[in-house]
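# Summary of the model geometry
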Amino acid sequence: RRRRLLGLIERSRVVIFSKSYCPHSTRVKELFSSLGAECYVLELDQVDDGAKIQEVLLEITNQKTVPNIFVNKVHVGGCDQTFQAYQSGLLQKLLQEDSAYDYDLIVIGGGSGGLSCAKEAAILGKKVMVLDFVVPSPQGTSWGLGGTCVNVGCIPKKLMHQAALLGQALHDSGKFGWEYNQQVKHNWETMTKAIQNHIRSLNFGYGLSLREKAVAYVNSYGEFVEHHKIKATNKKGQETYYTAAQFVIATGERPRYLGIQGDKEYCITSDDLFSLPYCPGKTLVVGASYVALECAGFLAGFGLDVTVMVRSILLRGFDQEMAEKVGSYMEQHGVKFLWKFIPVMVQQLEKGSPGKLKVLAKSTEGTETIEGVYNTVLLAIGRDSCTRKIGLEKIGVKINEKSGKIPVNDVEQTNVPYVYAVGDILEGKPELTPVAIQSGKLLARRLFGASLEKIYHTLFWPLEWTVAGRENNTCYAKIICNKFDHDRVLGFHILGPNAGEVTQGFAAAMKCGLTKQLLDDTIGIHPTCGEVFTTLEITKSSGLDITQKGC
Amino acid sequence: MGNLIILDMCMCPCSQCHSHDAAQLGRKVAVVDYVEPSPRGTRWGLGGTCVNVGCIPKKLMHQAALLGGLIRDAPHYGWEVAQPVLHDWRKMAEAVQNHVKSLNWGHRVQLHDRKVKYFNVKAGFVDEHTVRGVAKGGKEILLSADHIVIATGGRPRYPAHIEGALEYGITSDDIFWLKESPGKTLVVGASYVALECAGFLTGIGLDTTVMMRSIPLRGFDQQMSSLVTEHMASHGTRFLRGCTPSQVRRLPDGQLQVTWEDRTTGKEGTGTFNTVLWAVGRAPDTRSLNLEKAGVDTSPNTQKILVDSREATSVPHIYAIGDVVEGRPELTPTAVMAGRLLAQRLFGGSSDLMDYDKVPTTVFTPLEYGCVGLSEEEAVSRHGQERVEVYHAHYKPLEFTVPGRDASQCYVKMVCLREPPQLVLGLHFLGPNAGEVTQGFALGIKCGASYVQVMQTVGIHPTCSEEIVKLRISKRSGLDPTVTGC
């Protein structure tokens, strides 16, 4: 049935799913006949499987009501949306167009979201183009295909994190019987070169996989010029125009600057750090996002002098108890924190690789100002959506003026029906699970009052840390359960080694309705860190001692 | 008369928790524990196999071996490590042993805190309510109780009828307590104990050979098991497959000469080693208990104790838990949980039984193997080839890329029912941190996870465990399961 329906939409210029008695359907039919457009009308109340068709329509379009209108394969929406499209001229445009577009789909942005969408569409037999162009950072850094994650995000970040962990491992190894000259130094250039080589191989792999799937890849900057039409500008400034039936915006985000004197000239961001040709030296990290703390963490791990300047709180949106523990762990490991300060000016004292910068900062609470000298200032104060310079206004795609994010409906469709958006630029889509959990919790609190959750927690000492003589009161595990829903697990938090590997499986279990009882019934894998979750006994409200003893 | 005695020759944490629970439930509890020295004379303190000669020292030595790999990785990540890098067995062994001793002490303190009476005596039944204990000096005590729990565990077995085996060989009871490096070592056996020991010995730079009669890791998924040994072989462990030892002799220079028979060719082979480690299985510690005086039945083949689902033996007020019991997985956490549940049933008014199904575990070979649920073979034999769908992937851990480590054996597979929503029957993961990866999924599988639900879980990027929520390729499709891209 689904295939039949899609076939119908594919073949017909206009399809109206309607009900014969519905006044809105009638208005839409009249509109199309006044435009002289030939329509295929399916009256759902007059066919046997009308209800089932409506179910399928819900799946495809996330719209259950009639009328439900498609013009040239594009889902326009219901009655109101159709009339809006008529008033904006989009409907006439959609009607004029036949399949004379260059492409079925053009994706703007070659990051994780854009590429997966492009490849999937190509597998489904569509003619697809990806436009990807990296505007160099103010420091002149640019990179290849694959977007933030591969080039200036998760991948280099985790590799540098691994490098820092290796420093710790080298430190531990003496206790485990390994012997070598203990004068170990870290060489930034060697590491960066190795990481950049790996990234280049990934860039190459992405290009290859696009070619294999016959997706056209153009290394140009895409900008809408009119409906269904985009201008692509390459490095040399040459312009080419392409048209497509549908578009996906996947331009992602770029690091934000402070807008103070000297920031764009002298500061770097995560866009620059991972390919920095020289060791950053004494570094000031501005911000308290996870990007800020991750970077500060690995830089300190290489033995650099690192200071983090925090405006208000660490890791906004995350569980604040965990965030504080992360902060105090970092502090114990040599990262300095400047609380409640914001920079107001950055001056260059000396050029060089790295040079010397003077930072002037003022207190957020009083009039106090402080000064510091650093080799590098890394800004990690947030990211802005790349949505303001891609001609969205030319085709009427709405963005949130303040955040630059694009509002979409449940099927990722913008207010312009043939334009979709994916990835970090979506408005109102929780970027992180904890946010969703937190808001669910808050809602429940508002609805039922009082505390309905029970929190179990424990400290633990990873076995590998014992012999190495690392601290025994740092690693922490906590779950939050809903008392009134069979102790269903609402939140899962772990601070310790391999936290990513531990959390993944529990996330899958939470999807399946994990309860405290099921946690208790599960047998631990011994000796691991993950097993602490199967023996959680102490509730936070009991106030009992949570240090771990025994094995 | 006390309410409960835990009989414990070689005390496991199981009885520990158990006695805590019972003591917390307001009962008078005694623990009787005595370690019979190994044939090599190794002895240890309170805490049983896991703490003293099992999981704990094993994982710490595994960690030492992993650190060796990390030291080799480090220069690729910019750390300038001066050569040569050597390993000092004594230093490692001392650190590991100190940690174990601190745990022994911690267990003593905990028992004391919870008012559990502890007797370091060797015990045997006098009748079904009475136990006689003999202390080291020969002093005897008699203890009687309403309920008695046997948790004496198992000890490594020596092969019978091999000349020199008992005289010159050691077992896992000794390896962790050796003061000097074992040197060039022959590990006989293909159990997880054998492979784990061979793995860390190789990892700290010793010349190590594994001799196995038939297949590695019997009872585990065989595809995974062969990847485990393949990885070990590619990292320097030698394997003598299809061979059985026939004799161990001590040469004048102190080295051990081992003679074996290659069962495929029928030819005889010999080699010299500094150490021969037997890892050919474990036998229950029941013989000295005089079980017949209490009337407790054991299996004639294995000498293990027979129990029902409530852990009760043929004598209703005598119970048995842990490795000493017939048909139970020989794993610490199952013993811990069984002990705790038993105490709750005896004194806490609970009726919860131990569920021995879907027990997750991890083999800490150099490339770790985590699993939960059915092996592919078992799933096929229970449900039939046609009703089973296996999703799999060869992946490369991100950390392997920069140092250019070989990831040919990093592999994950999920065994599901074929019929939607494709209930997950088993999960098998081979790669770094397998224990940490497997634990959470074990819960998911316990919650009745389906393939669909696992696929709906958002990955944590970049980790190895996210490969599990990205498993798209079924074996049946015949497509290449190599993961590309990120």
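Keep in mind that this is a model prediction, so the values were computed, not measured.

Turning our eyes to something else, we now look at the packing of helix α8 (residues 154-173) of chain A against helix α3 (residues 55-73) of chain B. Between α8 of chain A and α3 of chain B, whose axes approach to 9 Å, the crossing angle comes to 125°. Comparing their axes, α3 of chain B and α8 of chain A come out oblique. In this structure, α8 of chain A crosses over α3 of chain B, and the sense of that crossing is left-handed. Facing Gln 162, Leu 166, Ala 169, Leu 170, Asp 172 and Ser 173 of chain A of α8 of chain A, the residues of α3 of chain B in contact are Leu 67, Leu 70, Ile 71 and Asp 73 of chain B. Per-class residue counts for the contact of α8 of chain A with α3 of chain B are 6 nonpolar, 2 polar and 2 charged.

Residue and element names in this part refer to chain A. The pairing of strand β16 (residues 306-310) with strand β17 (residues 336-339) spans 4 bridges and is parallel. Opposite Val 310, over in β17, you have Trp 339 as the bridge partner. With helix α13 (residues 320-332) bridging β16 and its parallel neighbour β17, the resulting β-α-β unit is right-handed.

What UniProt calls "domain: Pyridine nucleotide-disulphide oxidoreductase dimerisation" (unreviewed entry) maps, in this numbering, to residues 454-535 of chain A. Between the C-alpha atoms that bound residues 454-535 of chain A there is a distance of 15 Å. The span itself is 30% helix and 28% strand.

Residue and element names in this part refer to chain A. Domain assignment breaks chain A into domain 1 (1-95), domain 2 (103-252 + 386-448), domain 3 (259-383) and domain 4 (457-550). On a C-alpha basis, the centres of domain 2 and domain 3 stand 24 Å from each other. Opposite the 23 residues of domain 2 that make contact, domain 3 presents 25 residues. Carbon and sulfur atoms make up 63% of the surface buried where domain 2 meets domain 3, a total of about 2,000 Å² over both sides. When the buried surface of domain 2 facing domain 3 is broken down by residue, Gln 139, Lys 157 and Trp 188 rank first, second and third, together holding 32% of it. The tally of links between domain 2 and domain 3 comes to 1 salt bridge.

To continue, consider the sheet that holds strand β15 (residues 268-273) of chain B. Residues and elements named next belong to chain B. If you walk across this open sheet you meet the 3 strands as β13-β14-β15, and the pairing is antiparallel. Each edge of the sheet is formed by a strand with only one pairing partner; in this case those strands are β13 (243-250) and β15. With strand direction ignored, the average angle separating the axes of adjacent strands in the sheet is 25°. Here β13 pairs with strand β14 (residues 256-262) via 7 bridges, running antiparallel. Within β14, the residue paired with Thr 244 across the bridge is Glu 261.

Turning our attention to the UniProt feature "binding site: FAD" (unreviewed entry) in chain B. UniProt tags Lys 59 and Asp 323 of chain B as "binding site: FAD" (unreviewed entry). Assignment of secondary structure puts Lys 59 of chain B in helix α3. On the accessibility criterion, Lys 59 of chain B (6% relative accessible area) is buried. Beyond its immediate sequence surroundings of up to four residues, Lys 59 of chain B is in contact with Leu 463, Glu 464, Pro 527 and Thr 528 of chain A together with Phe 364 of chain B. Position of Asp 323 of chain B among the secondary structure elements: in the loop between β18 (318-320) and α10 (332-347). The contacts of Asp 323 of chain B, once residues within four sequence positions are left out, are Gly 153, Gly 154, Lys 304, Pro 329, Glu 330 and Leu 331 of chain B.

Residue and element names in this part refer to chain B. When its domains are assigned, chain B resolves into domain 1 (3-153 + 285-348), domain 2 (157-280) and domain 3 (367-473). For domain 1 and domain 3, the distance between their C-alpha centroids amounts to 32 Å. Domain 1 puts 7 residues into the contact, and the matching count from domain 3 is 5 residues. Between domain 1 and domain 3, the buried area comes to about 540 Å², and carbon and sulfur atoms account for 45% of it. Ranking the residues of domain 1 by area buried against domain 3 places Asp 73, His 76 and Tyr 77 at the top, with a combined share of 70%. For the pair domain 1 and domain 3, the number of links is 1 salt bridge. Where Asp 73 meets Arg 405, a salt bridge forms, and the shortest distance between an N and an O atom there is 2.7 Å. Its residues assigned to classes, the side of domain 1 that touches domain 3 shows 3 nonpolar, 3 polar and 1 charged.

Contact residues are listed per partner, giving 83 residues for chain B and 72 residues for chain A. When chain B packs against chain A, the two sides together hide about 6,900 Å² of surface, and 70% of this comes from carbon and sulfur. If you look at where chain B meets chain A, you find 2 salt bridges. Its salt-bridge partner being Glu 537 of chain A, residue Arg 340 of chain B comes within 3.6 Å of it at the nearest N-O pair. Applying the counting rule to chain B against chain A returns 24 residue pairs in polar contact (both at pLDDT 80 or more).

Moving on, we come to the sheet that holds β17 of chain A. All names here are of chain A. Here 5 strands make up an open sheet; going across it, the order is β14-β21-β15-β16-β17 and the pairing parallel. In this open sheet, the two edge strands, each paired with only one partner strand, are β14 (268-269) and β17. Packing of helix α12 (residues 290-301) onto the sheet brings it into contact with β15 (283-286), β16, β17 and β21 (376-379), and relative to β16 it is tilted by some 165°.

Before going further, it helps to examine the packing of helix α1 (residues 2-11) of chain A against helix α3 (residues 50-61) of chain A. Residues and elements named next belong to chain A. Here α1 crosses α3 at 70°, and the two axes come no closer than 10 Å. The angle between α1 and α3 falls in the class roughly perpendicular. The handedness of the crossing between α1 and α3 is right-handed. Of the residues in α3, those touching α1 at Arg 2, Arg 4, Leu 5 and Leu 6 are Ile 53, Val 56, Leu 57, Glu 59 and Ile 60. Split by residue class, the contact of α1 with α3 holds 6 nonpolar, no polar and 3 charged.

One pass over the full model with this rule turns up 17 aromatic pairs over all chains. Consider the rings of Phe 337 of chain A and Trp 339 of chain A, whose centres lie 5.3 Å apart with planes at 15°: the pair is stacked. Grouping aromatic residues by their ring pairs yields a cluster made of Trp 188, Phe 274, Phe 298 and Phe 302 of chain A together with Trp 79 of chain B. One cation-aromatic arrangement involves Arg 27 of chain A over Phe 83 of chain A; the distance from NZ or CZ to the ring centre is 4.5 Å. Sitting above the plane of the Phe 400 of chain B ring, Arg 405 of chain B keeps its charged end 5.1 Å from the centroid.

Reading guide: rules and limits
Residues numbered from 1 in each chain as written. Chains lettered and ligands numbered in written order. Predicted model: local features only at pLDDT ≥ 70, side-chain atom pairs only at ≥ 80, totals over all residues. Heavy atoms only, no water. Axes fitted to C-alpha atoms, helices over the stretch in contact; angles between N-to-C directions. Helix = DSSP H or I, 4+ residues; strand = E, 2+ residues; numbered from the N terminus. Parallel < 35°, antiparallel > 145°, perpendicular 65-115°, else oblique. Left-handed = near helix turned anticlockwise from the far one by under 90°. Contact = heavy atoms within 4.5 Å. Nonpolar A, V, L, I, M, F, W, Y, C, P; charged D, E, K, R; others polar. Pairing = 2+ DSSP bridges. Right-handed = clockwise from strand over helix to strand, strands pointing away. UniProt positions renumbered as here; feature names shortened; annotations may be inferred. Domains from an automatic or database assignment. Buried area = accessible area lost by both parts, 1.4 Å probe. Salt bridge = Lys/Arg side-chain N within 4 Å of Asp/Glu carboxyl O. Buried < 20%, exposed > 50% of the residue type's maximum accessible area, 1.4 Å probe, protein only. Polar contact = N/O pair within 3.5 Å; in protein donor to acceptor, adjacent residues only side chain to side chain. Phe/Tyr/Trp six-rings, centres within 6.5 Å; stacked < 30°, edge-to-face > 60°. Lys NZ or Arg CZ within 6 Å of the ring centre and 35° of its normal.

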